[in-house]
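# An overview of the molecular structure
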Amino acid sequence: MAATTAATLTVTAWSLPASTGEATAGTIGPLPLPSPLLSLPLPLPSVTLPTVEPPPLPALPPPIRRSPTPAPTSRPGTPPGSAPSTAAGAPPSAAPVSPGGPFPSPGSAAASIGADPGADLYPQPPVDAATTPQARQVARLADVQHRIQYLQNILARTRDDLARAQREPDPVLQLLTALTTGGDPAAAPPIAVADSANLVDTPTGRAAALSAAIASGQAELARRQQDESRIRREIDLAARRAAIPAQAPARTRGGARLGQPLAGRLTSRFGVRFDPYYHVWQLHPGVDLAAPVGTPIVAAADGRVTRAGWYGGYGNYTCVDHGRADGQRLSTCYGHQSRLLVSPGQRVRAGQVIGLVGSTGASTGPHLHFEVRLGGRAVDPLPWI
């Protein structure tokens, strides 16, 4: 018996046009999957299954990034609008924590990603139009990284579907096994053959289609990861050559750099990762530096505070604008603080204490989440500090 199994996978993606930086929507049409051929020499009457022809592949439209609107949740710990206690001797808060908005619970994150595998579970600051070559390069990086996040979540779901399909009993396979091993075909479960196309929709057929989908997704994921590595190398090289408008007290080899916000152990790098709080794939737009609760956080450079308050999964979050660098607006942001010590609009100096380490928002332990953003888009902070 020859069975031809075909499957299609419809995905949704997003991108940022290079010329304007504005998101456009599109849907990738059905993608034909490889059709594995199962050949078993069986002493059976010939049953010809219909060949499922995949539809023609439409032109690839530009993808879109979307952020879900999370439902309000409750979480143990510091609620929005209240400042937790800090270490003894800590300076008083210069600004109360301002409520920004709720953030998804770990239990609801799976449903959000199930509806949109590319969804951002963390709030996204506004971005500038990508009008310069440097800005378009950073925008391309964000596009590729969100495509990687999408593929990782799709692959995780498809692997789960494959595992379930492989555990399901397949009456067709049971009949074939009985016939090829000399068993009694009459003892096998009955199979309706009135519509031979139904034979394709069996656990074995679904498993073959899902396996082909996984192989296709992994191939694209590898290509996207290579693209990401190349773009990041180019951006990092430009960062090492860029002069920042306000320098930190110290200078390192290669020119002017941002100062370190604190001396902490690096526990998570920039890039797409399996989020330890939500247990789904998300873009991690900064680096995590572990430090005890109450450890002072200092401004990486001179600048003006543009945000200081509660910001969804970031918890207590501060952003400082440092002017323009590499042709784009340069800012640094600091998340999960236990206390904020600056207010929006305030001018700060490099090395000035602006907050204290905490574990607010979508955090699994005390640390500083530190970001460097160009035109509002996140880049790897490590080449800058």
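Summary of the structure given here. (Residues numbered from 1 in each chain as written. Predicted model: local features only at pLDDT ≥ 70, side-chain atom pairs only at ≥ 80, totals over all residues. Heavy atoms only, no water.)

### Some remarks on the overall build of the protein
Tallying secondary structure elements over the protein gives four helices and 16 strands in all. For the protein, buried positions account for 45% of its 385 residues. Long-range pairs, those at least 24 residues apart, make up 73% of the contacts in the protein with a sequence separation of at least 6. When the accessible surface of the protein is split by element, carbon and sulfur atoms take 57% of a total near 17,900 Å². (Helix = DSSP H or I, 4+ residues; strand = E, 2+ residues; numbered from the N terminus. Buried < 20%, exposed > 50% of the residue type's maximum accessible area, 1.4 Å probe, protein only. Contact = heavy atoms within 4.5 Å. Areas by Shrake-Rupley, 256 points an atom, 1.4 Å probe, with all protein chains shown as cover.)

### Quick notes on the nonpolar core
As a rule of thumb, nonpolar side chains are buried together in soluble globular proteins. By size, the foremost hydrophobic cluster in this structure holds 45 residues, and its most contacted members are Tyr334 and Trp384. The element best represented in this core is helix H2 (residues 133-167), accounting for eight residues. In terms of nonpolar packing, the next biggest core, distinct from the first, is built from 16 residues, Ala109, Tyr122, Tyr278 and Val280 among them. (Core = buried A, V, L, I, M, F, W, Y, C linked by side-chain atoms within 4.5 Å.)

### Considering the pattern of salt bridges
Taken as a whole, this structure holds twelve salt bridges when the rule is applied. The shortest N-O distance in the salt bridge between Arg224 and Glu220 comes to 3.2 Å. You can see Arg224 and its partner Glu220 sitting in helix H4 (residues 203-241), four residues apart, about one turn around the helix. Judged by relative accessible area, Arg224 falls into the partly exposed class, the value being 24%. Taking relative accessible area as the criterion, Glu220 reaches 14% and is therefore assigned buried. Among the salt bridges present, the one from Arg273 reaches Asp275, with a minimum N-O distance of 3.9 Å. What makes Arg273 buried here is its relative accessible area of 18%. Each of Arg147, Glu220 and Arg224 takes part in salt bridges that share partners, so that together they form one network. (Salt bridge = Lys/Arg side-chain N within 4 Å of Asp/Glu carboxyl O.)

### Digging into the state of the cysteines
For the structure shown, the criterion picks out one disulfide. Note that Cys319 is cross-linked by a disulfide to Cys333, the S-S spacing being 2.2 Å. Between Cys319 and Cys333 the disulfide shows an S-S torsion of about 110°. By sign, it is right-handed. Remark: Cys333 occurs in strand E12 (residues 328-340) and Cys319 occurs in strand E11 (residues 316-325); sequence separation between them is 14 residues. A residue is classified by how much of its surface remains accessible, and Cys333, at 1% relative accessible area, is buried. (Disulfide = S-S within 2.5 Å.)

### Focus: unusual backbone geometry
What is expected of a backbone is that most residues other than glycine have negative phi and most peptide bonds are trans. Despite not being glycine, His279 has its phi angle at roughly 60°, a positive value. Of note, His279 is situated in the loop between strand E6 (271-274) and strand E7 (281-284). Here the phi dihedral of His336 falls at roughly 65°; this positive angle occurs in a residue that is not glycine. Mapped onto the secondary structure, His336 falls in strand E12.

### Looking at the packing of H2 against H4
Running from N to C, H2 and H4 point in directions that differ by 160°, and their axes come no closer than 8 Å. By the angle between their axes, H2 is roughly antiparallel relative to H4. Seen along the crossing, H2 lies across H4 with a hand that is left-handed. Residue composition of the contact of H2 with H4, grouped by class: 16 nonpolar, nine polar and ten charged. (Axes fitted to C-alpha atoms, helices over the stretch in contact; angles between N-to-C directions. Parallel < 35°, antiparallel > 145°, perpendicular 65-115°, else oblique. Left-handed = near helix turned anticlockwise from the far one by under 90°. Nonpolar A, V, L, I, M, F, W, Y, C, P; charged D, E, K, R; others polar.)

### Some words on the environment of Arg324
By the element assignment, Arg324 lies in strand E11. Sequence separation between Arg324 and Leu374 is 50 residues; the distance between their C-alpha atoms is 8.5 Å. In terms of polar contacts, Arg324 uses its side chain to reach the backbone carbonyl oxygen of Gly327, at 2.9 Å. (Polar contact = N/O pair within 3.5 Å; in protein donor to acceptor, adjacent residues only side chain to side chain.)

### Section: the pairing of strand E15 (residues 367-374)
The buried fraction of E15 is high, at eight of eight residues. Covered by surrounding structure in E15 are His367, His369, Glu371 and Arg373 together with Leu368, Phe370, Val372 and Leu374, the residues of both alternating faces. Looking at chain direction, strand E8 (residues 287-290) and E15 are connected through four bridges and run antiparallel. Opposite Leu289, over in E15, you have Leu368 as the bridge partner. By the bridge criterion, six bridges tie E12 to E15 in an arrangement that is antiparallel. Note on E15: the bridge partner recorded for Thr332 is Val372. Hairpin connection from E15 to strand E16 (residues 377-379): two residues lie between these consecutive antiparallel strands, with Gly375 at a positive phi of about 60°. (Pairing = 2+ DSSP bridges.)

### A closer look at the environment of Val293
Relative to the assigned elements, Val293 resides in the loop between E8 and strand E9 (296-298). For the pair Val293 and Gln337, spaced 44 residues apart in the sequence, the C-alpha separation amounts to 8.5 Å. When sequence neighbours within four positions are dropped, the list of residues in contact with Val293 reads Ser338, Val357, Gly358 and Pro366.

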